[in-house]
Amino acid sequence: MKHPLLGGCACSKVRYECLEGPLVQLICHCRDCQQASGGAFSAFVIVPRDRLAYSAGSLRYHDVTAESGRLLRRQFCCECGSPVSAHWPDFNSVELLTVASLDEQSVFKPTHELWVSRAEAWHPFHPDTIKVQDGPGSEVVRDPLRAYFAARRNR
Ligand SMILES: [Zn+2]
Ligand SMILES: [Zn+2]
């Protein structure tokens, strides 16, 4: 994984730089992700927020309550509307970056696909991911994030 991760929106008014590679990489087929992306799913890499800096532009956001009951703040460029990132306000040590916002999307290696039960029939699945019928168990997102922050504390 090359560092830093660079990215931004379609009009380049929003730019970011992340000094840590992705901690979690996933595809989500839930209805919210379909609507927010404008496509069949959203693809995200999750990074630690304290290694991420927005270097330009400003984001607007739209809060959605996921089926898990957890609030997700989806952030987009206020000029061009590109979905750039998201985070959980009640767990704000990480940021989800949309894969489309990455300058080098080829770094994306998703491990899981979530909400497969909501996936649209007109789009095939990734061949190498673990398919999760609905929301993620703790081993998909929470455990790897906890392990990362615990390892950092011990360094
Ligand atoms: Zn923009
Ligand atoms: Zn989703």
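Look up a bit, the structure's there.
Residues numbered from 1 in each chain as written. Chains lettered and ligands numbered in written order. Predicted model: local features only at pLDDT ≥ 70, side-chain atom pairs only at ≥ 80, totals over all residues. Heavy atoms only, no water.

Colleague: Before we go on, may I ask you to explain the environment of Q25 in this structure?
Modeller: With respect to the helices, strands and loops of the structure, Q25 is situated in strand β3 (residues 24-28). The buried category is assigned to Q25, whose relative accessible area is 12%. Placed 87 residues apart in sequence, Q25 and H112 show a C-alpha to C-alpha distance of 7.4 Å. A polar side-chain atom of Q25 sits 2.7 Å from the main-chain amide nitrogen of K109. (Helix = DSSP H or I, 4+ residues; strand = E, 2+ residues; numbered from the N terminus. Buried < 20%, exposed > 50% of the residue type's maximum accessible area, 1.4 Å probe, protein only. Polar contact = N/O pair within 3.5 Å; in protein donor to acceptor, adjacent residues only side chain to side chain.)

Colleague: So what exactly am I meant to see when it comes to the coordination of the zinc ion (ligand 2) here?
Modeller: The reference angle at a metal is 109.5 degrees if four donors form a tetrahedron and 90 or 180 degrees if six donors form an octahedron. Donor atoms from the polypeptide that coordinate the zinc ion (ligand 2) comprise C28 (SG), C30 (SG) and C33 (SG), at 2.2 to 2.3 Å from the metal. Read N to C, the donor residues that coordinate the zinc ion (ligand 2) are spaced as C-x1-C-x2-C. Residue classification places C30 among the buried positions, given a relative accessible area of 10%. (Donors = N, O, S within 2.8 Å, 3.2 Å for Na, K, Ca; no water.)

Colleague: Honestly, the sheet that holds strand β5 (residues 52-56) in this entry has me stumped. Any pointers?
Modeller: Within a sheet, neighbouring strands are paired by backbone hydrogen bonds and run either parallel or antiparallel to one another. Read across the sheet, three strands follow the order β1-β2-β5 without closing on themselves; strand pairing throughout is antiparallel. With one partner strand each, in any of the chains shown, β1 (5-8) and β5 form the two edges of the open sheet. Taken over all neighbouring pairs, the strand axes of this sheet differ in orientation by 20° on average, direction set aside. In the sheet, strand β2 (residues 15-18) pairs with β5 via four bridges, with the strands oriented antiparallel. When the sheet's bridge partners are listed, E17 is paired in β5 with A53. (Pairing = 2+ DSSP bridges. Axes fitted to C-alpha atoms, helices over the stretch in contact; angles between N-to-C directions.)

Colleague: Even after reading the chapter, I still don't get the coordination of the zinc ion (ligand 1), so can you show me in this structure?
Modeller: For the zinc ion (ligand 1), every protein donor is listed as C9 (SG), C11 (SG), C77 (SG) and C80 (SG), and the spread of their distances is 2.3 Å. Around the zinc ion (ligand 1) sit four donor atoms, and with donor-metal-donor angles ranging over 106 to 112° the site reads as tetrahedral. Considered as a linear motif, the donors of the zinc ion (ligand 1) on their single chain read C-x1-C-x65-C-x2-C. Taking relative accessible area as the criterion, C77 reaches 2% and is therefore assigned buried. Under the relative-accessibility criterion, C80 is labelled partly exposed at 34%. (Tetrahedral: all angles 85-135°; square planar, octahedral: opposite > 155°, others 65-115°.)

Colleague: When you look at the sheet that holds strand β9 (residues 91-98) in this model, what are you seeing that I'm missing?
Modeller: With mixed pairing, eight strands are arranged side by side in an open sheet as β6-β7-β8-β9-β4-β3-β10-β11. What marks the edges here is a single partner per strand, and that holds for β6 (59-65) and β11 (130-131). For strand β4 (residues 42-48) and β9, the ladder comprises five bridges, and the chain directions are antiparallel. What sits directly across from V45, in β9, is L97.

Colleague: Looking at this model, I keep getting lost on helix α2 (residues 142-154). Mind explaining?
Modeller: Every α-helical turn comprises 3.6 residues, leaving residues that sit three or four positions apart pointing alike. If you check α2, its first and last C-alpha atoms are 18 Å apart, about what 13 residues at 1.5 Å a residue would give, namely 18 Å. Looking at the packing, one finds that the buried side of α2 touches β3, β4 and β9. (Expected span 1.5 Å × (residues − 1). Contact = heavy atoms within 4.5 Å.)

Colleague: What is the right way to look at the pairing of β3 in this model?
Modeller: Every other side chain in a regular strand lies on the same face of the sheet, so the side chains alternate between the two faces. In terms of burial, β3 is a largely internal element, five of the five residues being buried. Along β3, one buried face is formed by V24, L26 and C28 and the opposite face, lined by Q25 and I27, is buried too. By the bridge criterion, five bridges tie β3 to β4 in an arrangement that is antiparallel. From the neighbouring strand, C28 faces β4, where its bridge partner is S42. Bridge analysis of β3 against strand β10 (residues 112-114) gives three bridges, and the strand direction is parallel. In the strand pairing of β10, I27 is matched with E113.

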